[in-house]
Amino acid sequence: MIAIFQERVCGMGKECLLQVQNVTKRYGDKIALNNFSMDICPGEIVALIGENGAGKTTLLNIICGYIKPSAGQVQYKGENIIEKPLAIREFGILIEPQFLDYISAEENLRLLSQLVNRKQDTRIEELLKKTELYSSRKKKVKEFSFGMKQRLGLCQCLLTEVGFLILDEPFTGLDPINVEMFMEAIREFKKKGCSIIFSSHRMEHVEMF
Ligand code: ATP
C-alpha cells in the first residue's frame, strides 16, 4: 500500500496540476499498482511512502509516461499524458538516473541540454557548484561514487527549470551531508512555487520538508 503525505494548498481558485485517477498496472497476473488516485496542486509537495514493492516506482514511471497503465487516467494541466507524454520538457525526473559513463559529468549535462534544445552553460555550472561536483566535472562518470551519481542525477533533473519534480527514492543510499544538500536544492525549488512528488520508505524524509 502507498500512503500519501501532502500539505494541501488547493482551493483559493487554484487548479489541479496533476490528476491520477484510478490507475492500475498489471504485469500478467501480478498487480503492481491497484486503482490508485491522487491529485497535486501547484506548489504542493507530495510524499509517497510505502514498503518495497508497493508500486511507488510504477506510479512515478506512469506519471512520466515511461510505462502505460493497464487502466485509469493521468492528466497534467488538463491534458491526458498517457496519450501524449510530456516528460522531458515539462518534468524534472530522477528515477534511476542514466548517464553515459565514459564521458564526463559536464558533458552528460551538455548532452541533455542539447536534447531539449537549450544552451545552458551557466545553469550547468551553477548546478555543478550547488551539488559540489564542480571540481569533478571533467571526471568520467564511471569514476563517480554512488552519492556523486545521485547528485549528478539531481543536476539532470533540475537542468530544464521545470515546474514539477518527480523523484524516486532520492535519499536512498546517501550520507547525511548529501541528504541535506539534496534537501536544500529541493527547498529552493519549492520556494519558487513549484510542485514535487517523491517516494521514500522512511517517514523522517516527509518531516524534513
Ligand atoms: P521499492 O520500494 O522496492 O522500489 P516500489 O514501491 O517502487 O518498490 P515497484 O518497483 O513499483 O515498487 O514494483 C511494484 C510491484 O510490481 C513489485 O512487486 C514488482 O516486482 C512488480 N513489477 C515492477 N515492474 C515489473 C515488471 N516490469 N514486470 C513484472 N513485475 C514488475
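Let me begin by describing the structure that accompanies this report. (Residues numbered from 1 in each chain as written. Predicted model: local features only at pLDDT ≥ 70, side-chain atom pairs only at ≥ 80, totals over all residues. Heavy atoms only, no water.)

### A look at the pairing of strand S3 (residues 30–40)
Examined bridge by bridge, strand S2 (residues 18–27) and S3 share seven bridges and lie antiparallel to one another. Bridge pairing in S3 places Lys25 opposite Leu33. The loop that links S2 with its antiparallel partner S3 comprises two residues; one of these, Gly28, has a positive phi angle of about 60°. (Pairing = 2+ DSSP bridges. Helix = DSSP H or I, 4+ residues; strand = E, 2+ residues; numbered from the N terminus.)

### Quick look at the site of the ligand
Around the ligand sit 13 residues, and of these Asn52, Gly53, Lys56, Thr57 and Thr58 come closest. Backbone polar atom of Gly55 to an oxygen atom of the ligand: 2.9 Å apart, as the coordinates give it. Here the ligand has 640 Å² of accessible area as a free molecule, and 62% of this is covered by the chains. Among the elements of the structure, S3 and helix H1 (56–64) are those that each provide at least two residues to the shell around the ligand. (Near = heavy atom within 4 Å. Polar contact = N/O pair within 3.5 Å; in protein donor to acceptor, adjacent residues only side chain to side chain. Areas by Shrake-Rupley, 256 points an atom, 1.4 Å probe, with all protein chains shown as cover.)

### Concerning the sheet that holds strand S1 (residues 3–6)
One open sheet accounts for five strands, arranged S1-S4-S9-S8-S7; its pairing is mixed. The open sheet has two free edges, formed respectively by S1 and strand S7 (91–94), since each of these has just one partner strand. Averaged over all adjacent pairs, the angle separating strand axes in this sheet is 15°, with direction ignored. On the sheet, helix H5 (residues 146–159) packs against S7 and strand S8 (164–167) and is oriented at approximately 165° with respect to S7. (Axes fitted to C-alpha atoms, helices over the stretch in contact; angles between N-to-C directions. Contact = heavy atoms within 4.5 Å.)

### Some remarks on the packing of aromatic side chains
Two numbers describe a pair of aromatic rings. These are the distance of the centres and the angle of the planes. For the coordinates displayed, the defined rule picks out five aromatic pairs. Between Phe91 and Phe164, the aromatic rings sit 5.4 Å apart at their centres with planes inclined by 75°, giving edge-to-face as the arrangement. One end of the pair, Phe91, is in strand S7; the other, Phe164, is in strand S8, with 73 residues separating them in the sequence. Considered together, Phe91 and Phe164 belong to a single accessibility category, that of buried residues. (Phe/Tyr/Trp six-rings, centres within 6.5 Å; stacked < 30°, edge-to-face > 60°. Buried < 20%, exposed > 50% of the residue type's maximum accessible area, 1.4 Å probe, protein only.)

### Looking at the sheet that holds S3
On the basis of which strands lie adjacent, the open sheet formed by four strands has the order S3-S2-S5-S6 and antiparallel pairing. Strands at the two margins of the open sheet, each flanked by one partner only, are S3 and strand S6 (79–80). In this structure, strand S5 (residues 71–76) lies alongside S6, joined through two bridges in antiparallel fashion. Pairing of Tyr76 across the sheet is with Glu79, part of S6.

### As for the packing of H5 against helix H6 (residues 176–191)
Between H5 and H6, the least distance of the axes is 11 Å, while the angle of their chain directions is 5°. With respect to each other, H5 and H6 are oriented roughly parallel. Along its contact with H5, which presents Gly147, Gln150, Arg151, Leu154 and Leu158, the element H6 presents Asn178, Met181, Phe182, Ala185 and Phe189. In terms of residue class, the contact of H5 with H6 is made up of six nonpolar, three polar and one charged. (Parallel < 35°, antiparallel > 145°, perpendicular 65-115°, else oblique. Nonpolar A, V, L, I, M, F, W, Y, C, P; charged D, E, K, R; others polar.)

### A short note on the pattern of salt bridges
Applying the stated rule across the entire model yields ten salt bridges. The salt bridge partner of Glu126 is Lys130, with a shortest N-O separation of 3.9 Å. In this pair, Glu126 and Lys130 both sit in helix H4 (residues 121–130), four residues apart, roughly one turn of the helix. Since its relative accessible area comes to 29%, Lys130 is described here as partly exposed. The residue Glu180 makes a salt bridge to Arg187 at a minimum N-O spacing of 3.1 Å. Judged by its relative accessible area of 25%, Arg187 is partly exposed. (Salt bridge = Lys/Arg side-chain N within 4 Å of Asp/Glu carboxyl O.)

### What about the nonpolar core?
Proteins that are soluble and globular tend to have nonpolar side chains buried together. Counting residues in each nonpolar core, the largest one holds 36 residues, and the members touching the most others are Leu152, Leu165 and Leu167. Looking at this core element by element, the count peaks at seven residues for H5. If we skip the residues at most four places from it in the chain, Leu167 touches Leu60, Leu94, Cys157, Ile186, Ile196, Ile197, Phe198 and Ser199. (Core = buried A, V, L, I, M, F, W, Y, C linked by side-chain atoms within 4.5 Å.)

### As for the environment of Asn34
Its place among the elements puts Asn34 in strand S3. The spacing of Asn34 and Leu112 is 78 residues in sequence and 34 Å in space, taken between C-alpha atoms. Setting aside chain neighbours within four positions, we find Asn34 in contact with Val23 and Thr24.

Keep in mind these values describe shape, not function.
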